[in-house]
Structures are given as structure tokens and as C-alpha cells.
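# Descriptive structure summary
Each chain, letter by letter, is given below.
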Amino acid sequence: MNFVEQIFQRLHETPQRPVLQEVRDGEITGATCAELLAAVRAARACFKAAGLNKGDRCAVLAANSIQWAAVDLALMAEGIIVVPLYARQAPNELVGMMKDAGVSLICCGDTSLRQAIHEHWPDSPPTYLFEQIFASTGEAGDGEVAPVALNESDPVTIIYTSGTSGEPKGVVLTVGNVTYMLGCTNARLDVLMGETTEPDQVFHYLPFCFAGSWILLLTCLTRNSVLTLSTDLNKLAEEWKVAAPHYCLNVPILLERMRAGIEDQFHQRGGLLLRLYQKGKAVWFRRNARTEVVSEETDSPLDSLWLFLANSLIFPAVKKRLGPRLKALICGSAPLAKETQLFFMMLGIPVLQVYGLTETTAICTMDHPYKVEPGRVGPAIPGIEMKLGDGDEILVRGPNIFAGYWNKPDATAQAFTDGWFRTGDQGEVDNGNWRIIGRVKHVIVLSSGHNVPPEPIEDMIIRQIPGAQQVVLVGHGRSFLAALITGNVTHQQVEAALHVVNQQLPHYKRIRAFHIEREPFTVESGLLTANGKLKREAIAARFSEQIEDLYRAKKA
């Protein structure tokens, strides 16, 4: 049974079970399995009436919602290939991807977005608003909604890559890719949740158009879960509290902000509470963080008392505020700072890292809930092979590897070496446990011949500067490294941060000049990808004059 059949069977077997929820203004609106199936029937009727056939492509362009999930299920049930797109992306970029995919229909979440698409693509295919798609819910009938027959090799989605350099490419994922991956994610979540009949309570805010986010949605639909969807990122903390999840999929920047927010609250309260927190944290890190340096204090006879008090009075209280049911935080999309992972472990909340790419059906490695090594992303999931190639590039093969890039046979061929998919990520492995260093193509080669992966140093700098939004190292072909730093920061703050960071680095990795840009890079400015990654080539081009000034000033 493939994953589409599994989901429909699960929904049929438990019609009254709550399955999806939305938080809006502090109130929860939900759908049972039966209600979700009714919405799917309505959408399927709409797509049939529109003349879509198996193998056609349909774009889905909207924010997360119960209706988004229903559209996705309806399309897959009809054998139509889903092309999910990020609603915040520039309209001209969205049009470019839809033209590349050759979509026959566009499903759109709101009128303003539909208008923006039409302005850039006057002769676009028919565009249906969600309200049109579901207008006939009551007329769709209560008959069976069994999905059409699908083979393991049939494509189910084309997900466009971020395009950090060059144009985005459409990653084709098949029925077999997704079915295999859902088996792996379910097995790992079974370990996390243990033996319980209680449904998983899951909170989710990451757009479904990203592979990892979509895999979580489908995983929840195949198990006893209630997936609660955020509808307003500005109210994320309130929505999180209402959802009270067992686990949540995160990106590193949110966990970094959560950590900073918690520590800010202690500093604002001050007094004995702050002292207890700082002392307890210092002792915990000295005993658990190994190479992490967070305090210059040495052990004292009072260490055990400070730690006992923090473990009794401080850390459990913080954990309870974050969520009384919280079993773990799951983190993917980019490597998480080791210190942040340790911070949550100190509070009693495991952070389980996941590593993968769209081309690997979102996942290659997953931390085991009870065998977490901070700073690493876990072992390869069962059935997946991983090894290091030239330049310590991570190579992968297995049933999770994509079928190819849509209409790009040359790019597909270039992505493989002797049957192994080239991830483009630089890594290292210790007893099967992987660590991600950075992107191979991002490595800066100085004129001295030294190779410098920028990501680890950028992470070190940004953790030292409150208010910094992004840090980008430059220096390819130059004699030294320089940094572009965005955010509301001062020269004094940056100089102090670089003094701390440079002391920990060999001479050729030290940053010797910097430029501050007040406005952060954004998706809208064309300097970030749809999922928030740096477009390094675009940034270097946009700030070429400022970069040249940095190197001219040093020569002078």
C-alpha cells in the first residue's frame, strides 16, 4: 500500500477523530477525518470538472491551512502532480517556476496573490481561489474517495529548490520516495512518543511548500496525530501556547530566538533569580558541554548546590512555560549551533536534528531521541547509504533519492557520481554520526591557498552580536576574510565580537574588516531564498562596492 492509500485508509477508519487544526486569534478551528475527506471530495470534483488528468501539473500557491492539505490530497488522489510554491516569493519568480513546470491549473489562496500572478502572466492557465474549489463541499456526496492507482515510480510532486545560485530547479519526488520516507519518520516518532494511545499533539508553522514541512504533514496524516497550524507568525508564541505540542518542527533561527528571549527575561528580572540561572547554567555547561566555553569560572565546592537549585527551581519552570507536554524540538533546514542545542538539553528538552535536502525527500539523517550528540545531525536513516567524496562532500544513495530535475537531464546527470547523489554539503562522520560543516560551493579559497567554510564562522559571529540579523563572509581570492553584517548593531559591538571570535581561530580564518548594513536581507529584496537561505552570489554583487572598499582600506 502506498502512502496516498495509507492516508485515505487512515482517514476512513477514524471519521470522528480530530486530525487538523488552525489557530486564529487564540481560537482553534479544527477538522475531523470525515470533514477533511469531505473537503477532499469537493476539491476532486472541482479538478475533474476543470479537465485535469493524471500526470498533469497543478500549482498550489497559498499559506498553510486545512484547505491547503485538502487540495494537496485531492490532487495526489487524482494522480495530478502537485507543484507547491511559496506565497511570499516574488511574483515573477513564481511565474518562472510555473512556466517551467508547465502547470495546467493554479490553486491560489487569496485574490491579491492571484492578481499579482496575472499581472506577470496575462495568459496564465485558469486560476482557482480556494473558496471556489471548496464551494461545492455540500454537493460532492458521501461516496468513497479511493485514490487512483499509482505506481512506485509515478511522480507526486515537483518541489522547486531554493536557487541559492542560479535558477531554481524542480525536484521530482515519486510515490516510492515518499512512501519509504514516511515509514522512516513514523518509526522515529514511535520511539519518541513511546507506548501511548494518546494522539500526538503537533504544532506547525513552516510552509508546506518546503519538502521537510510537507513530509511532516503527510507523516501526521498517517498516524494518530492532531496537527495544529499556525496562521500568524507574529503571534507564534501565543499559538504555541494554545497548541501545547508534544513536538514541533523548527528552523535554527527560531530556536536561537527562543533561547535569546528566555535569557533576556532573566536579565530583565535580575536579582537572585538571574544569579541562580547564571550560576546553574555555568556549572551545567562546564560539566556537559565539553569544548564549549561559556564561563571563565572554575569549579568550586558550591557547584553542586548551584546546579541542584537550578535543576529544582529554574530549568523545570522554563520547560513548563515552553510547553507542559513538550517531549522534543525537531530542527532541520540548516545546522543548529551546538550551544543552542545544549541550552535546550539543559532545560530538559531534547533537540533532535534532521539533515537532508529536497532531492533526498527531505531527510538523510535523524537523531535518535535517546542518543543525541550535540553538534551532530544523527546517523543515516535505515536503508540510506552515506559516504564522503572529494572535498569531504556528502554522497547519498537509497530509496529516498529523487527521480531527477524536471526537464533538466543535464543537471540531473551532473548531480550524480557513479550512482551516488552529490549533496553539495561538506561534512564529517564519527562512528556513523554525521556533522554538517557547510556547502562545498561556498568554501572561500584565499589567495594563500587556505580553504575556509564560511558557515561555522558566521554562526560564531552572529551568536556574539545581539541584534545582528545575518553575517556573510567574503574573501574568495583575497588575502584575508571580511564580513557583511546586517541589523541594528554598532561598530563597537562588532569589534568586540570579532575580538572574541578571532581568538578562537587560526590566523587565516580571522576576520580583519567588516561592513554594517542596517537593513537585513529579505526574500523580497532578492537576497534570501524562499526558505531564508543566503543568496551569496546576489549579495556579493549587490554590495560589490562596499566589499571593494573594505579591501582598499586595508591596503591603504
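Since this is a predicted model, take the numbers as computed values, not measurements. (Residues numbered from 1 in each chain as written. Predicted model: local features only at pLDDT ≥ 70, side-chain atom pairs only at ≥ 80, totals over all residues. Heavy atoms only, no water.)

### Section: the nonpolar core
Membership of the largest hydrophobic core comes to 127 residues, with the highest contact counts inside it found for F3, F47, W214, F344 and L347. Here this core gets 10 residues from one element, more than from any other, and that element is helix α3 (residues 66-77). If sequence neighbours within four positions are ignored, F3 has contacts with M76, V156, V175, V178, T179, L182 and L218. (Core = buried A, V, L, I, M, F, W, Y, C linked by side-chain atoms within 4.5 Å. Buried < 20%, exposed > 50% of the residue type's maximum accessible area, 1.4 Å probe, protein only. Helix = DSSP H or I, 4+ residues; strand = E, 2+ residues; numbered from the N terminus. Contact = heavy atoms within 4.5 Å.)

### Some remarks on the side chain of D200
The residue D200 is located in strand β9 (residues 200-204) in this model. Polar side-chain contacts of D200 include one of 2.8 Å to the side chain of R223. Excluding anything up to four places from it in sequence, D200 contacts M193, R223, N224, S225, V226, H246 and Y247. (Polar contact = N/O pair within 3.5 Å; in protein donor to acceptor, adjacent residues only side chain to side chain.)

### Concerning the environment of E263
Structurally, E263 is set in helix α10 (residues 252-269). For the pair formed by E263 and Y277, sequence separation is 14 residues and the distance between their alpha carbons is 9.0 Å. One polar contact links E263 to Y277, side chain to side chain, over a distance of 2.5 Å.

### Topic: the sheet that holds strand β23 (residues 468-474)
Paired through backbone hydrogen bonds, the strands of a sheet run either parallel or antiparallel to each other. Spatially, β23-β24-β25 is the arrangement adopted by the three strands of the open sheet, whose pairing is mixed. Two strands bound the open sheet, and with one partner strand each, they are β23 and β25 (511-517). Averaged over all adjacent pairs, the angle separating strand axes in this sheet is 20 degrees, with direction ignored. By the bridge criterion, six bridges tie β23 to strand β24 (residues 481-487) in an arrangement that is antiparallel. Bridge pairing in β24 links A468 to G487. (Pairing = 2+ DSSP bridges. Axes fitted to C-alpha atoms, helices over the stretch in contact; angles between N-to-C directions.)

### Considerations on the packing of aromatic side chains
One pass over the structure, following the stated rule, counts 13 aromatic pairs. Consider the rings of F130 and F134, whose centres lie 6.2 Å apart with planes at 90 degrees: the pair is edge-to-face. Exposure remark for F134: the relative accessible area of 10% places this residue in the buried category. Three or more aromatic residues joined by ring pairs form one cluster here, namely F402, Y405, F416 and F421. The aromatic ring of F285 is capped on one face by K281, whose charged end is 5.7 Å from the ring centroid. (Phe/Tyr/Trp six-rings, centres within 6.5 Å; stacked < 30°, edge-to-face > 60°. Lys NZ or Arg CZ within 6 Å of the ring centre and 35° of its normal.)

### Examining the packing of helix α15 (residues 454-464) against helix α16 (residues 491-503)
It is the contact of α15 with α16, at a shortest axis distance of 9 Å, that shows an interaxial angle of 135 degrees. Judged by the inter-axis angle, α15 sits oblique to α16. α16 is crossed by α15, and the crossing has right-handed handedness. Residues M460, I461 and Q464 of α15 form the contact with α16, whose own contacting residues are A497, L498, V500 and V501. Class assignment for the residues of the contact of α15 with α16 results in six nonpolar, one polar and no charged. (Parallel < 35°, antiparallel > 145°, perpendicular 65-115°, else oblique. Left-handed = near helix turned anticlockwise from the far one by under 90°. Nonpolar A, V, L, I, M, F, W, Y, C, P; charged D, E, K, R; others polar.)

### Overview of the confidence of the model for the protein chain
Considering every residue of the protein chain, the mean pLDDT works out to 91; 95% of them sit at 70 or more. For residues 291-296, every residue scores under 50 in pLDDT, and the model assigns this stretch eight contacts once sequence neighbours within four places are set aside. (pLDDT = per-residue confidence, 0-100.)

### Overview of helix α1 (residues 3-13)
Those residues of α1 lying buried are F3, V4, I7, F8 and L11. Take α1 and look down its axis: the buried residues cluster within an arc of 135 degrees, on one side only. N-cap assignment for α1: the residue whose side-chain oxygen lies 3.0 Å from the backbone N of V4 is N2. (Arc of directions from axis to C-beta.)

### A closer look at unusual backbone geometry
Here the phi dihedral of N407 falls at roughly 60 degrees; this positive angle occurs in a residue that is not glycine. The phi angle at D418 is positive, at roughly 50 degrees, despite the residue not being glycine. Note that D418 resides in the loop between β18 (416-417) and β19 (420-430).

### Side note on helix α9 (residues 236-243)
For α9, every residue scored as buried is listed here: L236, E239, W240 and A243. With its buried residues spanning 105 degrees around the axis, α9 presents them on a single face. For α9, the exposed residues lying more than 90 degrees away from the buried face are A237, E238 and K241. Backbone geometry just downstream of α9 places A244 in the positive-phi region, at approximately 45 degrees.

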